[in-house]
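# Observations on the model geometry
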Amino acid sequence: MKILHISAECYPAAKAGGLGDVAGALPKYLNKTGLDTAVIIPRYHTKWLNQQTYQQVFFGEFYMGQERIYFSIHRVENDPTGFPLYVADIPGKFDRPGVYADEHGHAYEDELSRAISFQLATLYWIRSLENRPEVLHCHDHHTGLIPFLVRHAYDFASLKSTPTIFTIHNGEYHGAFPWNKLYLLPAFDSTAGGLLDWDNMIVPLASAIKCCWKLTTVSPGYMEELKNKSNGLEGLLKSEQGKSIGILNGIDTNVWDPRKDNFIAEKLSRSFKKYKTTNRQALYDRFNINEDLPIVVFIGRLVREKGAELLPEAISRFIYDEHKLGFIILGTGDPNLHQIFNNMRNHFPGRFDAALEYNEGLAHQLYAGADFLMMPSLVEPCGLNQMYAMRYGTVPIVRAVGGLRDTVPDIGKDDGAGICFDYYSVDEIHHALIRAESLANETKTLMNLQKRNTKVDFSWEQSAKAYGAIYQEVMGNNE
Ligand code: GLC
(Lines give C-alpha, C1' and ligand atoms only; values in the text may rest on other atoms or scores of the structure.)
Protein backbone atom coordinates (compact mmCIF):
# COMPACT_ATOMS: atom_id res chain seq x y z
CA MET A 1 0.00 0.00 0.00
CA LYS A 2 1.41 3.39 -0.99
CA ILE A 3 1.29 6.09 1.67
CA LEU A 4 2.45 9.69 1.31
CA HIS A 5 3.21 11.76 4.40
CA ILE A 6 2.84 15.48 3.83
CA SER A 7 4.67 17.50 6.46
CA ALA A 8 6.42 20.83 7.07
CA GLU A 9 9.35 19.05 8.75
CA CYS A 10 11.30 15.85 8.35
CA TYR A 11 14.52 15.04 10.22
CA PRO A 12 17.36 15.38 9.22
CA ALA A 13 16.29 17.48 6.25
CA ALA A 14 14.41 20.14 8.20
CA LYS A 15 13.51 20.05 11.86
CA ALA A 16 12.15 22.61 14.28
CA GLY A 17 10.71 20.20 16.82
CA GLY A 18 9.23 16.78 17.40
CA LEU A 19 7.19 16.82 14.20
CA GLY A 20 10.48 16.56 12.31
CA ASP A 21 11.58 13.59 14.37
CA VAL A 22 8.32 11.77 13.79
CA ALA A 23 8.18 12.41 10.05
CA GLY A 24 11.80 11.27 9.80
CA ALA A 25 11.30 8.06 11.77
CA LEU A 26 7.75 6.74 11.39
CA PRO A 27 8.06 6.07 7.61
CA LYS A 28 11.04 3.77 8.20
CA TYR A 29 9.10 1.71 10.69
CA LEU A 30 5.98 1.68 8.50
CA ASN A 31 8.07 0.37 5.64
CA LYS A 32 9.39 -2.41 7.86
CA THR A 33 5.78 -3.57 8.18
CA GLY A 34 5.55 -3.93 4.41
CA LEU A 35 4.05 -0.54 3.49
CA ASP A 36 5.46 1.69 0.79
CA THR A 37 5.83 5.09 2.49
CA ALA A 38 7.27 8.33 1.17
CA VAL A 39 7.41 11.86 2.58
CA ILE A 40 7.12 15.29 0.96
CA ILE A 41 8.27 18.53 2.58
CA PRO A 42 9.01 22.02 1.20
CA ARG A 43 12.47 22.56 -0.29
CA TYR A 44 13.92 24.82 2.40
CA HIS A 45 17.49 26.02 2.16
CA THR A 46 18.67 24.11 5.18
CA LYS A 47 22.23 22.89 5.25
CA TRP A 48 21.21 19.26 4.86
CA LEU A 49 18.90 19.91 1.93
CA ASN A 50 21.52 22.09 0.22
CA GLN A 51 24.00 19.23 0.40
CA GLN A 52 21.82 16.65 -1.38
CA THR A 53 21.56 15.79 -5.05
CA TYR A 54 18.13 15.59 -6.59
CA GLN A 55 16.19 14.09 -9.38
CA GLN A 56 13.43 16.33 -10.71
CA VAL A 57 10.17 14.42 -11.03
CA PHE A 58 7.65 17.13 -11.85
CA PHE A 59 7.33 20.72 -12.90
CA GLY A 60 4.07 22.62 -12.62
CA GLU A 61 2.36 25.97 -12.21
CA PHE A 62 -0.84 27.29 -10.74
CA TYR A 63 -2.46 30.51 -9.64
CA MET A 64 -2.70 31.35 -5.97
CA GLY A 65 -5.02 34.35 -6.18
CA GLN A 66 -3.32 36.67 -8.66
CA GLU A 67 0.08 35.17 -8.04
CA ARG A 68 1.41 32.71 -10.57
CA ILE A 69 3.36 29.99 -8.77
CA TYR A 70 5.94 27.92 -10.62
CA PHE A 71 7.18 24.91 -8.76
CA SER A 72 9.04 21.67 -9.17
CA ILE A 73 9.09 18.44 -7.22
CA HIS A 74 12.37 16.63 -6.68
CA ARG A 75 13.30 13.34 -5.13
CA VAL A 76 16.38 13.29 -2.94
CA GLU A 77 18.81 10.86 -4.55
CA ASN A 78 19.93 7.64 -2.84
CA ASP A 79 17.33 7.82 -0.07
CA PRO A 80 19.68 9.03 2.69
CA THR A 81 16.70 9.16 5.06
CA GLY A 82 15.93 5.48 4.50
CA PHE A 83 12.70 6.17 2.57
CA PRO A 84 11.84 8.22 -0.52
CA LEU A 85 11.91 11.90 0.38
CA TYR A 86 10.42 14.44 -2.03
CA VAL A 87 10.72 18.18 -1.81
CA ALA A 88 8.50 20.87 -3.29
CA ASP A 89 10.68 23.66 -4.62
CA ILE A 90 8.64 26.86 -4.71
CA PRO A 91 10.93 29.81 -5.42
CA GLY A 92 10.23 32.87 -3.30
CA LYS A 93 8.45 30.87 -0.61
CA PHE A 94 10.83 28.37 0.91
CA ASP A 95 14.29 29.29 -0.31
CA ARG A 96 15.30 30.42 3.16
CA PRO A 97 17.19 28.55 5.89
CA GLY A 98 14.48 28.56 8.57
CA VAL A 99 11.48 26.26 8.73
CA TYR A 100 9.09 28.72 10.36
CA ALA A 101 11.31 31.59 11.49
CA ASP A 102 14.48 33.45 10.61
CA GLU A 103 17.74 33.15 12.52
CA HIS A 104 16.60 35.75 15.07
CA GLY A 105 13.51 33.74 15.97
CA HIS A 106 11.09 36.01 14.09
CA ALA A 107 8.36 34.01 12.37
CA TYR A 108 8.14 34.53 8.61
CA GLU A 109 5.27 36.85 7.82
CA ASP A 110 4.12 35.06 4.69
CA GLU A 111 3.34 31.84 6.57
CA LEU A 112 -0.10 31.61 4.98
CA SER A 113 1.00 31.82 1.39
CA ARG A 114 3.85 29.44 2.13
CA ALA A 115 1.51 26.85 3.61
CA ILE A 116 -1.08 27.13 0.87
CA SER A 117 1.47 27.05 -1.94
CA PHE A 118 3.07 23.91 -0.48
CA GLN A 119 -0.27 22.13 -0.19
CA LEU A 120 -1.32 23.06 -3.69
CA ALA A 121 2.03 22.15 -5.27
CA THR A 122 1.84 18.78 -3.54
CA LEU A 123 -1.69 18.11 -4.75
CA TYR A 124 -1.00 19.17 -8.37
CA TRP A 125 1.95 16.81 -8.37
CA ILE A 126 -0.04 13.91 -6.89
CA ARG A 127 -2.81 14.52 -9.41
CA SER A 128 -0.29 14.10 -12.24
CA LEU A 129 0.97 10.72 -11.04
CA GLU A 130 0.01 7.50 -12.69
CA ASN A 131 0.86 5.47 -9.66
CA ARG A 132 -0.64 7.62 -6.93
CA PRO A 133 -0.36 7.27 -3.18
CA GLU A 134 -3.39 5.45 -1.85
CA VAL A 135 -3.48 7.29 1.46
CA LEU A 136 -2.47 10.89 2.18
CA HIS A 137 -1.25 11.35 5.73
CA CYS A 138 -1.15 15.03 6.70
CA HIS A 139 0.49 16.54 9.77
CA ASP A 140 -0.52 19.70 11.65
CA HIS A 141 -2.24 22.81 10.37
CA HIS A 142 0.29 23.54 7.59
CA THR A 143 -1.23 20.62 5.71
CA GLY A 144 -4.72 20.98 7.17
CA LEU A 145 -6.46 22.18 4.02
CA ILE A 146 -5.60 19.02 2.09
CA PRO A 147 -8.44 16.83 3.43
CA PHE A 148 -10.89 19.52 2.30
CA LEU A 149 -9.23 20.27 -1.02
CA VAL A 150 -9.10 16.67 -2.22
CA ARG A 151 -12.77 16.27 -1.48
CA HIS A 152 -14.17 19.53 -2.75
CA ALA A 153 -11.79 21.48 -5.01
CA TYR A 154 -12.62 21.00 -8.71
CA ASP A 155 -8.96 20.79 -9.70
CA PHE A 156 -8.49 17.73 -7.53
CA ALA A 157 -11.68 15.89 -8.42
CA SER A 158 -9.61 12.90 -9.50
CA LEU A 159 -8.33 12.55 -5.92
CA LYS A 160 -11.78 12.76 -4.34
CA SER A 161 -11.85 9.21 -3.06
CA THR A 162 -8.29 9.18 -1.72
CA PRO A 163 -8.46 8.69 2.06
CA THR A 164 -6.80 11.33 4.19
CA ILE A 165 -5.41 10.83 7.69
CA PHE A 166 -4.68 13.86 9.80
CA THR A 167 -2.37 13.85 12.81
CA ILE A 168 -2.33 16.63 15.39
CA HIS A 169 1.16 17.08 16.81
CA ASN A 170 0.43 20.51 18.11
CA GLY A 171 -3.14 21.69 18.59
CA GLU A 172 -2.05 25.12 19.83
CA TYR A 173 -1.60 26.39 16.30
CA HIS A 174 -4.74 26.41 14.19
CA GLY A 175 -3.45 28.29 11.14
CA ALA A 176 -6.60 30.49 11.11
CA PHE A 177 -6.99 33.23 8.50
CA PRO A 178 -9.83 35.57 7.52
CA TRP A 179 -12.38 34.75 4.86
CA ASN A 180 -11.18 37.67 2.75
CA LYS A 181 -8.13 35.53 1.94
CA LEU A 182 -10.34 32.89 0.37
CA TYR A 183 -9.10 33.99 -3.07
CA LEU A 184 -5.84 32.15 -2.32
CA LEU A 185 -7.63 28.80 -2.62
CA PRO A 186 -8.62 27.11 -5.87
CA ALA A 187 -12.33 26.96 -6.80
CA PHE A 188 -14.40 24.41 -4.89
CA ASP A 189 -17.97 23.28 -4.54
CA SER A 190 -19.35 26.25 -2.63
CA THR A 191 -21.97 24.20 -0.80
CA ALA A 192 -19.03 22.64 1.07
CA GLY A 193 -17.56 25.98 2.14
CA GLY A 194 -18.77 25.56 5.73
CA LEU A 195 -16.22 22.78 6.14
CA LEU A 196 -13.46 25.42 6.06
CA ASP A 197 -15.10 27.57 8.67
CA TRP A 198 -14.74 27.81 12.42
CA ASP A 199 -15.96 30.91 14.23
CA ASN A 200 -16.12 32.98 11.04
CA MET A 201 -12.56 32.27 10.07
CA ILE A 202 -10.99 29.76 7.71
CA VAL A 203 -9.31 27.39 10.14
CA PRO A 204 -7.10 24.72 8.55
CA LEU A 205 -6.86 22.68 11.76
CA ALA A 206 -10.64 22.65 12.23
CA SER A 207 -11.23 21.91 8.57
CA ALA A 208 -8.83 18.97 8.73
CA ILE A 209 -10.61 17.60 11.79
CA LYS A 210 -13.92 17.80 9.94
CA CYS A 211 -12.79 16.46 6.58
CA CYS A 212 -10.14 13.82 7.28
CA TRP A 213 -11.16 10.19 7.25
CA LYS A 214 -9.29 9.42 10.45
CA LEU A 215 -7.94 11.78 13.06
CA THR A 216 -4.99 10.91 15.26
CA THR A 217 -3.04 12.64 17.99
CA VAL A 218 0.38 11.67 19.24
CA SER A 219 -0.68 10.26 22.61
CA PRO A 220 -3.96 8.93 24.00
CA GLY A 221 -3.82 11.38 26.93
CA TYR A 222 -3.58 14.38 24.61
CA MET A 223 -6.62 13.25 22.63
CA GLU A 224 -8.68 13.35 25.82
CA GLU A 225 -7.26 16.72 26.84
CA LEU A 226 -8.08 18.31 23.49
CA LYS A 227 -11.74 17.46 23.96
CA ASN A 228 -11.71 19.67 27.05
CA LYS A 229 -9.13 22.26 26.16
CA SER A 230 -8.23 23.19 22.62
CA ASN A 231 -8.81 26.92 22.28
CA GLY A 232 -12.35 26.65 20.98
CA LEU A 233 -12.21 23.33 19.14
CA GLU A 234 -13.49 21.24 22.07
CA GLY A 235 -16.99 20.71 20.70
CA LEU A 236 -15.67 19.78 17.29
CA LEU A 237 -13.26 17.23 18.71
CA LYS A 238 -16.00 15.71 20.81
CA SER A 239 -18.30 15.40 17.85
CA GLU A 240 -15.58 13.77 15.76
CA GLN A 241 -14.42 11.37 18.43
CA GLY A 242 -15.80 8.39 16.55
CA LYS A 243 -13.02 8.68 13.97
CA SER A 244 -10.32 9.73 16.43
CA ILE A 245 -7.54 7.81 18.11
CA GLY A 246 -4.42 8.67 20.14
CA ILE A 247 -1.27 6.77 19.17
CA LEU A 248 1.85 7.31 21.22
CA ASN A 249 4.94 8.30 19.26
CA GLY A 250 8.01 6.15 19.42
CA ILE A 251 11.60 7.27 19.11
CA ASP A 252 14.10 6.38 16.43
CA THR A 253 16.22 3.96 18.40
CA ASN A 254 18.93 4.00 15.74
CA VAL A 255 19.42 7.76 15.87
CA TRP A 256 19.01 7.75 19.66
CA ASP A 257 21.22 4.95 20.84
CA PRO A 258 23.68 5.67 23.67
CA ARG A 259 25.54 2.49 22.72
CA LYS A 260 26.37 3.74 19.24
CA ASP A 261 26.07 7.51 19.48
CA ASN A 262 29.05 9.26 17.89
CA PHE A 263 28.10 12.63 19.32
CA ILE A 264 28.82 11.64 22.90
CA ALA A 265 32.14 11.42 24.76
CA GLU A 266 31.61 7.91 26.14
CA LYS A 267 29.25 5.34 24.68
CA LEU A 268 27.19 3.18 27.00
CA SER A 269 28.70 -0.26 27.44
CA ARG A 270 29.08 -2.45 30.50
CA SER A 271 29.65 0.26 33.07
CA PHE A 272 26.77 2.70 33.35
CA LYS A 273 28.75 4.62 35.94
CA LYS A 274 31.65 5.20 33.56
CA TYR A 275 29.25 6.24 30.80
CA LYS A 276 27.42 8.77 32.95
CA THR A 277 30.47 10.17 34.72
CA THR A 278 32.47 10.71 31.55
CA ASN A 279 29.59 12.35 29.74
CA ARG A 280 28.81 14.54 32.74
CA GLN A 281 32.46 15.58 32.87
CA ALA A 282 32.24 16.57 29.20
CA LEU A 283 29.45 18.97 30.17
CA TYR A 284 31.48 20.45 33.03
CA ASP A 285 34.31 20.97 30.55
CA ARG A 286 32.10 22.74 28.07
CA PHE A 287 29.78 24.72 30.32
CA ASN A 288 30.39 26.95 33.28
CA ILE A 289 28.87 24.65 35.92
CA ASN A 290 30.58 23.78 39.20
CA GLU A 291 31.77 20.22 39.15
CA ASP A 292 30.09 19.23 42.42
CA LEU A 293 26.61 20.01 41.10
CA PRO A 294 24.28 17.42 39.58
CA ILE A 295 23.06 18.77 36.25
CA VAL A 296 19.51 19.63 35.21
CA VAL A 297 18.97 20.43 31.52
CA PHE A 298 16.17 21.95 29.49
CA ILE A 299 16.27 21.18 25.78
CA GLY A 300 13.75 22.61 23.36
CA ARG A 301 12.06 25.58 21.87
CA LEU A 302 11.96 28.55 24.21
CA VAL A 303 8.24 29.10 23.97
CA ARG A 304 5.35 29.30 26.38
CA GLU A 305 3.89 25.89 25.49
CA LYS A 306 7.09 24.23 26.66
CA GLY A 307 7.02 26.12 29.94
CA ALA A 308 10.15 28.10 29.03
CA GLU A 309 8.69 31.32 30.45
CA LEU A 310 8.64 29.81 33.95
CA LEU A 311 12.27 28.80 33.88
CA PRO A 312 13.99 32.11 34.69
CA GLU A 313 12.07 32.58 37.92
CA ALA A 314 12.09 28.92 38.91
CA ILE A 315 15.83 28.57 38.34
CA SER A 316 16.78 31.90 39.93
CA ARG A 317 14.74 31.17 43.02
CA PHE A 318 16.30 27.75 43.37
CA ILE A 319 19.79 29.15 43.07
CA TYR A 320 19.12 32.07 45.45
CA ASP A 321 17.86 29.55 48.01
CA GLU A 322 21.31 27.95 47.92
CA HIS A 323 20.06 24.65 46.58
CA LYS A 324 22.57 22.41 44.93
CA LEU A 325 21.80 21.73 41.29
CA GLY A 326 23.37 23.21 38.14
CA PHE A 327 21.26 24.20 35.14
CA ILE A 328 21.92 24.19 31.40
CA ILE A 329 19.53 25.35 28.71
CA LEU A 330 19.73 24.47 25.03
CA GLY A 331 17.34 25.98 22.55
CA THR A 332 16.09 28.97 20.67
CA GLY A 333 12.83 30.84 20.66
CA ASP A 334 11.39 33.95 22.25
CA PRO A 335 14.00 36.73 21.82
CA ASN A 336 13.13 38.10 25.29
CA LEU A 337 14.03 34.81 26.86
CA HIS A 338 17.33 34.82 24.98
CA GLN A 339 18.18 38.06 26.67
CA ILE A 340 17.07 36.91 30.10
CA PHE A 341 19.07 33.69 29.87
CA ASN A 342 22.14 35.58 28.72
CA ASN A 343 21.87 37.83 31.76
CA MET A 344 21.44 34.81 34.00
CA ARG A 345 24.66 33.32 32.66
CA ASN A 346 26.53 36.37 33.96
CA HIS A 347 24.56 36.49 37.15
CA PHE A 348 24.96 32.83 38.19
CA PRO A 349 28.41 31.68 37.06
CA GLY A 350 29.00 28.05 37.98
CA ARG A 351 25.27 27.48 38.53
CA PHE A 352 23.59 28.34 35.24
CA ASP A 353 24.68 28.23 31.62
CA ALA A 354 22.93 28.22 28.26
CA ALA A 355 23.54 27.50 24.59
CA LEU A 356 20.91 29.56 22.78
CA GLU A 357 21.08 27.72 19.52
CA TYR A 358 19.68 24.72 17.72
CA ASN A 359 22.34 22.03 18.02
CA GLU A 360 21.41 18.41 17.50
CA GLY A 361 24.81 17.00 18.53
CA LEU A 362 24.87 19.01 21.74
CA ALA A 363 21.37 17.77 22.55
CA HIS A 364 22.69 14.19 22.47
CA GLN A 365 25.58 15.19 24.76
CA LEU A 366 23.21 16.82 27.22
CA TYR A 367 20.93 13.78 27.41
CA ALA A 368 23.96 11.60 28.02
CA GLY A 369 25.70 13.80 30.60
CA ALA A 370 22.81 15.29 32.56
CA ASP A 371 21.21 13.84 35.65
CA PHE A 372 17.79 15.36 35.09
CA LEU A 373 15.81 16.74 32.15
CA MET A 374 13.21 19.35 32.91
CA MET A 375 9.95 19.59 30.92
CA PRO A 376 7.51 21.94 32.66
CA SER A 377 5.26 22.02 29.58
CA LEU A 378 2.01 23.91 29.49
CA VAL A 379 0.88 21.48 26.81
CA GLU A 380 2.73 18.42 25.59
CA PRO A 381 0.97 16.39 22.91
CA CYS A 382 3.50 13.61 23.21
CA GLY A 383 6.96 14.89 23.98
CA LEU A 384 9.96 13.00 22.73
CA ASN A 385 12.66 14.55 24.89
CA GLN A 386 11.57 12.67 28.01
CA MET A 387 11.96 9.44 26.04
CA TYR A 388 15.38 10.43 24.68
CA ALA A 389 16.41 11.38 28.21
CA MET A 390 15.33 8.07 29.69
CA ARG A 391 17.08 6.09 26.97
CA TYR A 392 20.24 8.05 27.78
CA GLY A 393 19.91 7.34 31.50
CA THR A 394 18.56 10.68 32.64
CA VAL A 395 15.61 11.31 34.95
CA PRO A 396 12.79 13.44 33.54
CA ILE A 397 11.16 16.09 35.71
CA VAL A 398 7.83 16.68 34.01
CA ARG A 399 4.50 18.35 34.37
CA ALA A 400 2.00 15.48 34.14
CA VAL A 401 0.23 16.57 30.99
CA GLY A 402 -0.56 14.91 27.64
CA GLY A 403 2.09 12.46 26.52
CA LEU A 404 4.26 13.23 29.54
CA ARG A 405 1.61 11.77 31.79
CA ASP A 406 1.40 8.73 29.50
CA THR A 407 5.14 8.06 29.51
CA VAL A 408 6.61 9.16 32.85
CA PRO A 409 5.30 7.48 36.03
CA ASP A 410 6.36 9.29 39.19
CA ILE A 411 9.14 7.79 41.31
CA GLY A 412 6.58 7.40 44.07
CA LYS A 413 5.20 4.44 42.10
CA ASP A 414 6.78 1.01 41.64
CA ASP A 415 7.61 1.53 37.98
CA GLY A 416 8.55 5.17 38.62
CA ALA A 417 10.82 6.82 36.07
CA GLY A 418 10.71 10.51 36.85
CA ILE A 419 9.50 13.36 39.00
CA CYS A 420 6.01 14.58 38.14
CA PHE A 421 4.04 17.64 39.15
CA ASP A 422 0.53 18.75 38.28
CA TYR A 423 0.20 22.51 38.07
CA TYR A 424 1.82 24.95 35.70
CA SER A 425 3.56 27.16 38.25
CA VAL A 426 6.95 28.23 39.56
CA ASP A 427 6.08 26.81 43.00
CA GLU A 428 5.44 23.38 41.58
CA ILE A 429 8.69 23.43 39.62
CA HIS A 430 10.51 24.52 42.75
CA HIS A 431 9.08 21.64 44.72
CA ALA A 432 9.93 19.17 41.95
CA LEU A 433 13.51 20.46 41.90
CA ILE A 434 13.78 19.98 45.64
CA ARG A 435 12.69 16.38 45.16
CA ALA A 436 15.33 16.06 42.44
CA GLU A 437 17.97 17.48 44.73
CA SER A 438 17.21 15.00 47.48
CA LEU A 439 17.22 12.15 44.99
CA ALA A 440 20.61 13.35 43.76
CA ASN A 441 21.91 13.19 47.34
CA GLU A 442 21.31 9.46 47.27
CA THR A 443 23.85 8.80 44.57
CA LYS A 444 23.22 5.09 44.37
CA THR A 445 19.43 5.31 44.15
CA LEU A 446 19.72 7.97 41.46
CA MET A 447 22.12 5.93 39.42
CA ASN A 448 19.98 2.81 39.68
CA LEU A 449 17.00 4.76 38.47
CA GLN A 450 18.98 6.31 35.62
CA LYS A 451 20.20 2.89 34.62
CA ARG A 452 16.71 1.41 34.76
CA ASN A 453 15.41 4.21 32.55
CA THR A 454 17.80 3.21 29.74
CA LYS A 455 15.85 -0.05 29.46
CA VAL A 456 12.35 1.34 28.92
CA ASP A 457 11.09 0.43 25.46
CA PHE A 458 9.89 3.40 23.40
CA SER A 459 10.44 1.85 19.99
CA TRP A 460 8.16 2.65 17.07
CA GLU A 461 7.09 -0.91 16.29
CA GLN A 462 3.82 -0.82 18.24
CA SER A 463 2.81 2.58 16.95
CA ALA A 464 3.68 1.70 13.37
CA LYS A 465 1.32 -1.25 13.67
CA ALA A 466 -1.44 1.00 14.95
CA TYR A 467 -1.01 3.38 11.99
CA GLY A 468 -0.94 0.37 9.63
CA ALA A 469 -4.29 -0.72 11.04
CA ILE A 470 -5.75 2.72 10.32
CA TYR A 471 -4.52 2.67 6.73
CA GLN A 472 -6.09 -0.77 6.30
CA GLU A 473 -9.33 0.49 7.74
CA VAL A 474 -9.63 3.52 5.45
CA MET A 475 -8.63 1.47 2.43
CA GLY A 476 -11.25 -1.09 3.37
CA ASN A 477 -13.86 1.65 3.56
CA ASN A 478 -12.75 2.81 0.17
CA GLU A 479 -13.42 -0.46 -1.63
C1 GLC B 1 5.02 18.50 18.70
C2 GLC B 1 4.55 18.36 20.14
C3 GLC B 1 5.31 17.28 20.88
C4 GLC B 1 5.31 16.00 20.08
C5 GLC B 1 5.83 16.26 18.67
C6 GLC B 1 5.84 15.02 17.79
O7 GLC B 1 6.30 19.05 18.67
O8 GLC B 1 4.66 19.59 20.82
O9 GLC B 1 4.73 17.03 22.13
O10 GLC B 1 6.11 15.03 20.70
O11 GLC B 1 5.05 17.23 18.04
O12 GLC B 1 4.58 14.46 17.61
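Residues numbered from 1 in each chain as written. Predicted model: local features only at pLDDT ≥ 70, side-chain atom pairs only at ≥ 80, totals over all residues. Heavy atoms only, no water.

Secondary structure summary: the protein contains 16 helices and 17 strands in total. If you line up the protein on its principal axes, its C-alpha atoms span 65 × 45 × 40 Å. Sorting the 479 residues of the protein into buried and exposed places 59% on the buried side. When the accessible surface of the protein is totalled, it reaches about 19,400 Å², and 48% of it is carbon and sulfur. For the protein, the distance from the average site of its 48 positive side-chain charges to the average site of its 57 negative ones is 5 Å. (Helix = DSSP H or I, 4+ residues; strand = E, 2+ residues; numbered from the N terminus. Buried < 20%, exposed > 50% of the residue type's maximum accessible area, 1.4 Å probe, protein only. Areas by Shrake-Rupley, 256 points an atom, 1.4 Å probe, with all protein chains shown as cover. Lys, Arg positive; Asp, Glu negative; His and termini not counted. Charge placed at Lys NZ, Arg CZ, Asp CG, Glu CD.)

Relative to the elements of secondary structure, A16 occurs in the loop between β1 (2-6) and α1 (18-32). A C-alpha to C-alpha distance of 35 Å links A16 and D414, two positions 398 residues apart in sequence. Apart from the residues within four sequence positions on either side, A16 is in contact with E9, V99, Y100 and R301. (Contact = heavy atoms within 4.5 Å.)

Taken together, G18, L19, V22, H169, V218, N249, K306, E380, P381, C382, G383 and L384 make up the full set of residues near the ligand. Within the contact set of the ligand, an oxygen atom lies 2.6 Å away from a side-chain nitrogen or oxygen of H169. Within the contact set of the ligand, an oxygen atom lies 2.4 Å away from a side-chain nitrogen or oxygen of E380. Relative to its unbound accessible area of 310 Å², the ligand is 96% covered by the protein chains. (Near = heavy atom within 4 Å. Polar contact = N/O pair within 3.5 Å; in protein donor to acceptor, adjacent residues only side chain to side chain.)

Moving on: unusual backbone geometry. Across the junction of Y11 and P12, the peptide omega takes the value 0°, indicating a cis bond. With respect to the secondary-structure elements, P12 resides in the loop between β1 and α1. At N78, a position not held by glycine, the phi torsion is positive, near 70°. As for its placement among the helices and strands, N78 is situated in the loop between β4 (67-76) and β5 (85-89).

The first and last C-alpha atoms of helix α8 (residues 272-286) sit 21 Å apart over 15 residues, in line with the 21 Å expected at 1.5 Å per residue. Those residues of α8 that are buried lie in contact with β12 (295-299), β13 (326-330), α11 (360-369) and α15 (443-453). (Expected span 1.5 Å × (residues − 1).)

So, on to the domain arrangement of the protein. Taken as a whole, the protein is organised into domain 1 (2-250 + 460-477) and domain 2 (272-453). Taken together, the two surfaces of domain 1 and domain 2 that pack against each other cover about 1,500 Å², and 56% of this comes from carbon and sulfur. Applying the counting rule to domain 1 against domain 2 returns one salt bridge. For E360, the salt bridge goes to K15, with nearest N and O atoms at 3.3 Å. Summed over the shared surface of domain 1 and domain 2, the number is eight residue pairs in polar contact (both at pLDDT 80 or more). Elements supplying a minimum of two residues to the side of domain 1 that touches domain 2: α1 and α6 (220-228). A per-element tally of the side of domain 1 that touches domain 2 places α6 first, with four residues. Taken together, the residues of the side of domain 1 that touches domain 2 sort by class into eight nonpolar, ten polar and four charged. (Domains from an automatic or database assignment. Buried area = accessible area lost by both parts, 1.4 Å probe. Salt bridge = Lys/Arg side-chain N within 4 Å of Asp/Glu carboxyl O. Nonpolar A, V, L, I, M, F, W, Y, C, P; charged D, E, K, R; others polar.)

What follows covers helix α5 (residues 204-211). Because each turn of an α-helix spans 3.6 residues, side chains separated by three or four positions in sequence point in the same direction. Of all eight residues that make up α5, eight are buried, and the element is covered over most of its length. Within α5, the full set of buried residues consists of P204, L205, A206, S207, A208, I209, K210 and C211. Each element contacted by the buried residues of α5 is listed here: α4 (146-152), β7 (164-168), β8 (197-198), β9 (201-202), β10 (214-217) and α7 (234-239).

Right, let's talk about the sheet that holds strand β2 (residues 36-42) for a bit. With respect to topology, nine strands assemble into an open sheet ordered β3-β4-β5-β2-β1-β6-β7-β10-β11, the strand pairing being mixed. Two strands bound the open sheet, and with one partner strand each, they are β3 (54-64) and β11 (244-246). Adjacent strand axes in the sheet meet at a mean angle of 20° when their direction is disregarded. Seen against the sheet, helix α3 (residues 111-128) touches β1, β2, β3, β4, β5 and β6 (135-139) and runs at an angle of roughly 115° to β3. Of the strands in this sheet, β7, β10 and β11 touch α6, which is tilted by about 110° from β10. (Pairing = 2+ DSSP bridges. Axes fitted to C-alpha atoms, helices over the stretch in contact; angles between N-to-C directions.)

When the charged atoms of two side chains with opposite charge come close together, those side chains can pair. In the structure shown here, the tally under the stated rule is 20 salt bridges. E61 is the salt-bridge partner of R68, the closest N and O atoms lying 2.4 Å from each other. Two residues, K214 and E473, come together in a salt bridge whose shortest N-O distance is 3.3 Å. Taken as a pair, K214 in strand β10 and E473 in helix α16 (residues 461-478) lie far apart in primary sequence, 259 residues in all. Take E473: its relative accessible area is 37%, and that puts it in the partly exposed class. Salt bridges here are not isolated pairs; linked through shared partners, they connect K15, D21 and E360.

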